[in-house]
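Listed below, chain by chain, are the residues.
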Amino acid sequence: MNVLFVASELAPFAKTGGLADVMAALPAYLHRAGHDTRVVLPLYDTVDTKKATFEAIMDLEVPLGTHRYACKIFRVGNAPPVYFVHCPALYARGRLYTSDADEHRRFLALSYAALLICQKLDFAPDILHAHDWQASLLPMIIKTLFAKDPRFAKTRSLLTIHNLMYQGSFPVEIGPDTNLASVAHLFHQDLMKAGRVNFLLQGILYADGVSTVSPTYAREIQTETFGGGLDGYLRARSATVVGILNGVDYDEWSPERDRFIPHKYSASDLAGKERDKEHLLTSLGLPYIKGVPVLGVVSRLVGQKGFKLFDPAMFDLLRKHGFQLVVLGSGEPVLEALFGNLQRAFPRQVCFYQGFKNDLAHLIEAGADMFLMPSAYEPCGLNQLYSLRYGTVPIVHRTGGLADTVKQWQPRAGAGNGFAFEHHDEGGLRWAIEAALGAYRDPKQWQRLIQNGMAEDFSWDAQGKLYELVYARLTSSRRH
Ligand code: ADP
Ligand code: GLC
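A short tour of the structure in this document, coming up. Everything quoted here is computed from the prediction, not taken from an experiment.

The rules behind the values
Residues numbered from 1 in each chain as written. Chains lettered and ligands numbered in written order. Predicted model: local features only at pLDDT ≥ 70, side-chain atom pairs only at ≥ 80, totals over all residues. Heavy atoms only, no water. Axes fitted to C-alpha atoms, helices over the stretch in contact; angles between N-to-C directions. Helix = DSSP H or I, 4+ residues; strand = E, 2+ residues; numbered from the N terminus. Parallel < 35°, antiparallel > 145°, perpendicular 65-115°, else oblique. Left-handed = near helix turned anticlockwise from the far one by under 90°. Contact = heavy atoms within 4.5 Å. Nonpolar A, V, L, I, M, F, W, Y, C, P; charged D, E, K, R; others polar. Pairing = 2+ DSSP bridges. Buried < 20%, exposed > 50% of the residue type's maximum accessible area, 1.4 Å probe, protein only. Near = heavy atom within 4 Å. Polar contact = N/O pair within 3.5 Å; in protein donor to acceptor, adjacent residues only side chain to side chain. Areas by Shrake-Rupley, 256 points an atom, 1.4 Å probe, with all protein chains shown as cover. Domains from an automatic or database assignment.

**Points about the packing of helix H10 (residues 271-283) against helix H13 (residues 358-367)**
Stage number 1. Here H10 crosses H13 at 130 degrees, and the two axes come no closer than 8 Å. One element, H10, and the other, H13, form an angle in the oblique class. The two elements H10 and H13 cross, and the hand of that crossing is left-handed. Residues Lys273, Asp276, Lys277, His279, Leu280 and Ser283 of H10 form the contact with H13, whose own contacting residues are Leu360, Leu363, Ile364, Glu365, Ala366 and Gly367.
Stage number 2. Its residues placed into classes, the contact of H10 with H13 shows five nonpolar, three polar and four charged.

Okay, structure coming up:
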């Protein structure tokens, strides 16, 4: 099949979170599986163009209402090719996402550029795979403005929602910039009357298929609690909403060959893990004391991730149990302040590294004993999957993809791979951390837990096949 991916992130070039990892791995899987896959991405000014060969292949002009954007398209690689849209007027902002007045145009330009690239290369996608709100108007665009182009006549669209809480909601005045004024009746009318246009909602309404990144999240977003106001529309399309867990790129994330960790290790020989732990602590200026457990966090510091449960519970837990805590992340000032306070209160136990640092993310996965993800909601979550592979026992809130992948430890049966608390409150967090610390004190239990986790397989070879099945279902339903 011909598959066109349109997304706003791709590791290692442009990354704020898991979307980038998925974009690096899923198209690569599809390419290996024999599909002609192409990926289109903005060339942000933050992209390190020394990381690969960027070959200029064409110039495009993208009109958006009364605006005209001159774009140069660069191709990187071939397995699969990634087309970067170079347009400094839109993408030279020092960051991937902004709250600037033209934010909608930044990703509309990406969407239209993707279709223009297909035309110029004479590439007829069987599947248009759009990711998140940034690409969510595409299903509607190909069904209207591009409907007469034979290259798109048979294209079926799949919208994957990586996080329902980012919807791309804009004032209705941006309407003309979408080029869709002639089909304005296809926008959600009540919302327009209320003065808004919601890109993700338009995608949910017009995509041929909708997916999200775990079975549990697929169910959760159809409820009022997790639906972000869109649950009714998702319920109405329930039959076409599927949940497919993300896979892991084990070439990037495996302790046997991780280029960012000094001591490699495997399930059959864990000696390197203890040495990585020592290296992690000493490189962060913390004392290494054998037998003292280290808890790790690598995260965007935003409300979704649930760290407000740490205040004040974590102060008490650190005092009472004496474990160490290593945190890598940045984001909302209140959460950065919380981790700053923890570090000041427990200078020998806590290190907060404020920022985004890929090599440290890998070292924490390897060097920590346990990994904390108390997310309020989590569409899939990748770090718990990485943790399992690194023998780092995940402690999570049982929600979304965390519920699908982290199974509560049952000491008697020797079953389970981590600790998952049900109620998203301080009591839940405390229970899970104390249960994990209890198991850690018993080396036999701990070994079993580590082995159970390391034996899990969330490779893209398994998960990618599920996307192929969805693609096959979508294309088989088209009229020939
Ligand atoms: P989300 O996409 O919601 O942020 P995921 O668990 O799916 O959550 O993916 C997070 C990805 O981003 C992982 O690859 C993780 O290592 C990476 N990451 C998050 N924060 C940082 C950081 N501060 N430094 C380096 N990598 C980070
Ligand atoms: C989003 C979600 C995260 C998911 C990632 C990749 O950022 O927050 O749970 O793993 O997308 O799908």
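**Let's talk about the sheet that holds strand S13 (residues 324-331)**
Stage number 1. Across the sheet, which stays open at both edges, the six strands sit in the order S14-S13-S12-S15-S16-S17 with parallel pairing between neighbours. Because the sheet does not close on itself, it has two edges, and the strands there are strand S14 (350-354) and strand S17 (419-421). Strand-to-strand twist in this sheet, taken as the mean axis angle between neighbours without regard to direction, amounts to 15 degrees.
Stage number 2. Packing of helix H16 (residues 426-440) onto the sheet brings it into contact with strand S12 (294-301), strand S15 (370-373), strand S16 (393-397) and S17, and relative to S17 it is tilted by some 160 degrees.

**Describing the pairing of strand S7 (residues 156-161)**
Stage number 1. In terms of residue burial, S7 counts as a mostly covered element, since six of its six residues are buried.
Stage number 2. Because side chains alternate across S7, one face comprises the buried residues Arg156, Leu158 and Thr160, and the other comprises Ser157, Leu159 and Ile161, equally buried.
Stage number 3. As defined by bridge partners, strand S6 (residues 127-131) adjoins S7 across five bridges and the pair is classed as parallel. From the neighbouring strand, Leu128 faces S7, where its bridge partner is Ser157.
Stage number 4. Summarising the sheet, S7 and strand S10 (residues 209-212) pair through four bridges and their orientation is parallel. From the neighbouring strand, Leu158 faces S10, where its bridge partner is Gly209.

**Looking at the site of ligand 1**
Stage number 1. Looking at ligand 1, there are 21 residues lining it, with Lys15, Gly18, Arg300, Lys305 and Gly355 nearest.
Stage number 2. Within the backbone of Gly355, a nitrogen or oxygen atom sits 2.8 Å from a nitrogen atom of ligand 1.
Stage number 3. Between ligand 1 and Asn383, the relevant distance is 3.4 Å, taken from an oxygen atom to a side-chain nitrogen or oxygen of the residue.
Stage number 4. Across the complex, the protein chains shield 93% of the 560 Å² of accessible surface that ligand 1 would expose by itself.
Stage number 5. Counting residues per element, the ones that place at least two in the shell around ligand 1 are helix H1 (18-32), S12, S13 and helix H14 (383-389).
Stage number 6. Examining the composition of the shell around ligand 1, we find that three residues originate from one element, S12, more than from any other.
Stage number 7. When its residues are assigned to classes, the shell around ligand 1 shows seven nonpolar, eight polar and six charged.
Stage number 8. For the shell around ligand 1, the domains that each give at least three residues are domain 1 (2-247 + 461-476) and domain 2 (271-457).

**Re the sheet that holds S6**
Stage number 1. Spatially, nine strands are ordered S3-S4-S5-S2-S1-S6-S7-S10-S11 in an open sheet, and the strand pairing comes out mixed. Looking at the sheet topology across the chains shown, the edges are occupied by strand S3 (55-64) and strand S11 (241-243). Pairs of neighbouring strands in the sheet enclose a mean axial angle of 25 degrees, with direction left out of account.
Stage number 2. As paired elements, strand S4 (residues 67-76) and strand S5 (residues 82-86) share five bridges and run antiparallel to each other. The residue bridging Ile73 from the neighbouring strand is Val85, located in S5.
Stage number 3. Along the sheet face, helix H7 (residues 199-206) touches S7 and S10 and points at about 135 degrees away from the line of S7.

**Concerning the site of ligand 2**
Stage number 1. Around ligand 2, the structure places 13 residues, and the nearest of them are His162, Asn246, Glu378, Cys380 and Gly381.
Stage number 2. Pro379 places a polar main-chain atom, nitrogen or oxygen, 3.5 Å from an oxygen atom of ligand 2.
Stage number 3. Burial of ligand 2 by the protein chains amounts to 92% of its free accessible area of 310 Å².
Stage number 4. Considered class by class, the residues forming the shell around ligand 2 number five nonpolar, six polar and two charged.
Stage number 5. Shared between two domains, the shell around ligand 2 takes at least three residues from each, and those domains are domain 1 (2-247 + 461-476) and domain 2 (271-457).

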